[in-house]
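# Coordinates in review
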Amino acid sequence: APADPLLLQGHTACVKVCHFIGDRQTLLSAGEDKTMRLWDLRTGSTQREIEFSGSVNSVELTADGRIMTVAAGTEVSFWDLTSWQCLKRFSLGVIAANGYGVNSASLHPNRKAFVAGGGNFWVYQHDFETGEELACNKGHHGPVYGVRFTPDGKAYASAGDDGTIRFWNFAPPEDGAAADATAAAAAPES
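This report concerns the structure included in the present document. Since we're looking at a predicted model, the values are computed, not measured.

Attention now goes to the sheet that holds strand S4 (residues 45-51). Strand order in the open sheet formed by four strands is S1-S2-S3-S4, with antiparallel pairing between adjacent strands. The open sheet terminates on both sides in strands that have one partner only, identified here as strand S1 (15-21) and S4. Averaged over all pairs of adjacent strands, the angle between their axes in this sheet comes to 20 degrees, without regard to strand direction. The pairing of S1 with strand S2 (residues 26-31) spans six bridges and is antiparallel. Following the sheet pairing, Cys18 is matched in S2 by Ser29.

Within the element layout of this structure, Thr164 appears in the loop between strand S14 (155-160) and strand S15 (165-169). Relative accessible area serves as the criterion here: at 5%, Thr164 is assigned to the buried category. One polar contact links Thr164 to Asp162, side chain to side chain, over a distance of 2.7 Å.

Once that is clear, we can look at the nonpolar core. Counting 16 residues, the largest nonpolar core has Leu28, Met36, Phe52, Val59, Met68, Val70 and Trp84 as its most contacted members. Elements represented by at least two residues in this core include exactly S1, S2, strand S3 (35-40), strand S5 (56-61) and strand S6 (67-72). Top element by residues in this core is S6. It accounts for three residues. Excluding anything up to four places from it in sequence, Val70 contacts Met36, Phe52, Val56, Ser58, Val59, Glu75, Val76, Ser77 and Trp79. Of all hydrophobic cores here, the second largest spans 12 residues; its members include Ala71, Phe78, Phe90 and Phe114.

Thresholds, definitions, all that
Residues numbered from 1 in each chain as written. Predicted model: local features only at pLDDT ≥ 70, side-chain atom pairs only at ≥ 80, totals over all residues. Heavy atoms only, no water. Pairing = 2+ DSSP bridges. Helix = DSSP H or I, 4+ residues; strand = E, 2+ residues; numbered from the N terminus. Axes fitted to C-alpha atoms, helices over the stretch in contact; angles between N-to-C directions. Buried < 20%, exposed > 50% of the residue type's maximum accessible area, 1.4 Å probe, protein only. Polar contact = N/O pair within 3.5 Å; in protein donor to acceptor, adjacent residues only side chain to side chain. Core = buried A, V, L, I, M, F, W, Y, C linked by side-chain atoms within 4.5 Å. Contact = heavy atoms within 4.5 Å.

Shown next as C-alpha cells:
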C-alpha cells in the first residue's frame, strides 16, 4: 500500500510556489500569506521563513542554483541561495503606480538584466545593477502571469491572461542595442 503523503503545514493562505532546493531534501514554498518557507523534508519542519511586503507570486532559480528571483507585491528581489541574503531589491514603480503587483520575474543568464510582468498587461526589461527600466513591451490584452528567459538569453517568453504566449527578442544592455520589442503571439489575435 502507498505511504501517506508528508503534509507540510504553516502557510496561512494560498501557496503559489514550490521548488526543491539543493539536495532535494529541502522544499521552498511561498504564497499569498507574504511568506517564503524552507522545509526540511526529512523532519517536515520549517528551516527558515522569509517575509515579503506582498504576495509571493513567482520564484525562479538560476540554472546553477545560486540565485533566486522573487516577484512579490510590487517588488522584484534577488537572493543568494547559499547565505539566504537578499542581494538586490527593486520596487517597480510603474507597475505599482497602476495599482497592480508583479506576477513574475526572470533573471537574464548573464545576470545583467531582468524582465518582469504584472497586472497592467506590459512586460518590462530592467538593468540588474540599477533596476533602471530599459524597455517596456506592450502586446498582451490582459495581466501577464509568467515571464522566462530562454537558456541562451537571446529571447524571453511572456504568458498572459489573454490566452497568448509572446516571444520577445532580447539584446543585452552591454550590446548597446535596445531590445527588439516585436512579438509573435503563440495564439492568434481575435
